[in-house]
Amino acid sequence: MDRPGPAVDLGGRTVVVTGGTRGVGAGIARAFERAGAHVVVCARRPPESPLGKADFVPLDLRDAAAVRAFFDALPRLDVLVNNAGGAPYRPLADADAERHARVVELNLVAPLTASIAAREHLRRTRGSIVMIGSVSGSRPSPGSAAYGAAKAGLENLARSMAVEWAPEIRVNTLVVGMVRTELAHLHYGGEDGLAAVARTVPLGRLAQPSDVGAAAVFLASDAAAYISGASLLVHGGGERPAFLDAATANKDQSGETR
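This report concerns the structure included in the present document.

What counts, and at which threshold
- Residues numbered from 1 in each chain as written.
- Predicted model: local features only at pLDDT ≥ 70, side-chain atom pairs only at ≥ 80, totals over all residues.
- Heavy atoms only, no water.
- Helix = DSSP H or I, 4+ residues; strand = E, 2+ residues; numbered from the N terminus.
- Buried < 20%, exposed > 50% of the residue type's maximum accessible area, 1.4 Å probe, protein only.
- Pairing = 2+ DSSP bridges.
- Axes fitted to C-alpha atoms, helices over the stretch in contact; angles between N-to-C directions.
- Contact = heavy atoms within 4.5 Å.
- 1 Å grid on protein atoms, 1.4 Å probe; cavity = no way out; pocket = protein on both sides within 12 Å on 5 of 7 lines; lining within 4 Å.
- Points joined across faces, edges and corners; volume = space filled by probe spheres on them.
- Nonpolar A, V, L, I, M, F, W, Y, C, P; charged D, E, K, R; others polar.
- Arc of directions from axis to C-beta.

## Re unusual backbone geometry
- Note that the residue after Ala166, namely Pro167, is joined by a cis bond; omega there is 0 degrees.
- We note that Arg126 has phi near 50 degrees; this positive angle belongs to a residue other than glycine.
- The topology assignment puts Arg126 in the loop between helix 3 (97–125) and strand 5 (128–134).
- On the basis of relative accessibility, which here comes to 53%, the residue Arg126 falls in the exposed class.

So, in structure tokens, the structure goes:
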């Protein structure tokens, strides 16, 4: 169940959420709307469900000229959330390099393009950028190696950007773990699969999109005014190390851990 985040007042601020029509992006858009911001969502396809008061603008983030035109047309911008991204399951040997490069383009080059296009707006408002990263960027990601590499690059890009564009613009990354969205079953299976995966998370559940949204609102708010170049882990405690379950040194014959 989607949980509302804490009360934060972002009234009068304009927020752009890329890829904000479903899943994590929609949760982020709803969180900023609850905080009183004017939210603009851009994506290639329109939302299948209403986005509340948020405005939708069709945009292919991989089209640099269209991205620049989109930001040039905005009267104001306070926060950019680079959320658009993703990748299908695709082992490296099952596709050519050009196809993997498109994953990198969407998950790394597109956020760079949007950030540069938004820079002048954000400099004037002393705004902030929130990159939506992934735990895949810091651990092996078999089946989505290009995605993991792009997310690793995105986190590094954010740190460099935070230094180059300070003090006018703050830049941070949310390092997101497993999230229960309308497409989660494609990755983890049905309810049994989702429950089994949730048990691997120390907090005992997958994240809700609202959990990510609340963290994004925090990083964009005045409460985080001295936070820049940071990576905030939103992963429920991470993953239990596999060796703990495989090890036998501290188990008796019944299998109980002593």
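So much for the structure itself; the text now carries on.
## Remarks on the sheet that holds strand 1 (residues 14–18)
- Reading across the sheet, the seven strands line up as 3-2-1-4-5-6-7 and stay open at both edges, with parallel pairing between neighbours. For this open sheet the edge positions go to strand 3 (55–58) and strand 7 (231–234), each flanked by a neighbour on one side alone. Neighbour to neighbour, the strand axes of the sheet diverge by 20 degrees on average, direction disregarded.
- In this sheet, strand 4 (residues 79–82) lies alongside strand 1 in parallel orientation, the contact comprising three bridges. In the sheet register, Val15 faces strand 4, and the bridge partner there is Val79.
- Sitting on the sheet, helix 3 is in contact with strand 4 and strand 5, with an inclination near 175 degrees to strand 4.
- Strand contacts of helix 7 (residues 209–220): strand 4, strand 5, strand 6 (170–176) and strand 7, with the helix running at about 165 degrees to strand 6, the strand carrying the most contacts.

## Some points on the layout of surface pockets
- In this structure, the second largest pocket spans a volume of roughly 260 Å³.
- As for the second largest pocket, its lining consists of 18 residues, and the residues nearest its centre are Thr125, Arg126, Gly127, Arg170 and Asp222.
- Classifying every residue of the lining of the second largest pocket gives seven nonpolar, five polar and six charged.

## Here's the deal with empty space enclosed by the protein
- Going through the model one piece at a time under the given rule, you end up with two cavities of 30 Å³ or more.
- What the largest cavity holds in volume is close to 50 Å³.
- Those elements that place two or more of their residues in the lining of the largest cavity are helix 3 and helix 4 (145–164).
- No other element matches the three residues that helix 4 contributes to the lining of the largest cavity.

## Observations concerning helix 6 (residues 191–198)
- Considered for burial, the residues of helix 6 that qualify are Gly193, Leu194, Val197 and Ala198. Seen end-on, helix 6 carries its buried residues on one side only, within an arc spanning 135 degrees. Residues of helix 6 that are exposed and point over 90 degrees away from its buried face: Glu191 and Asp192.

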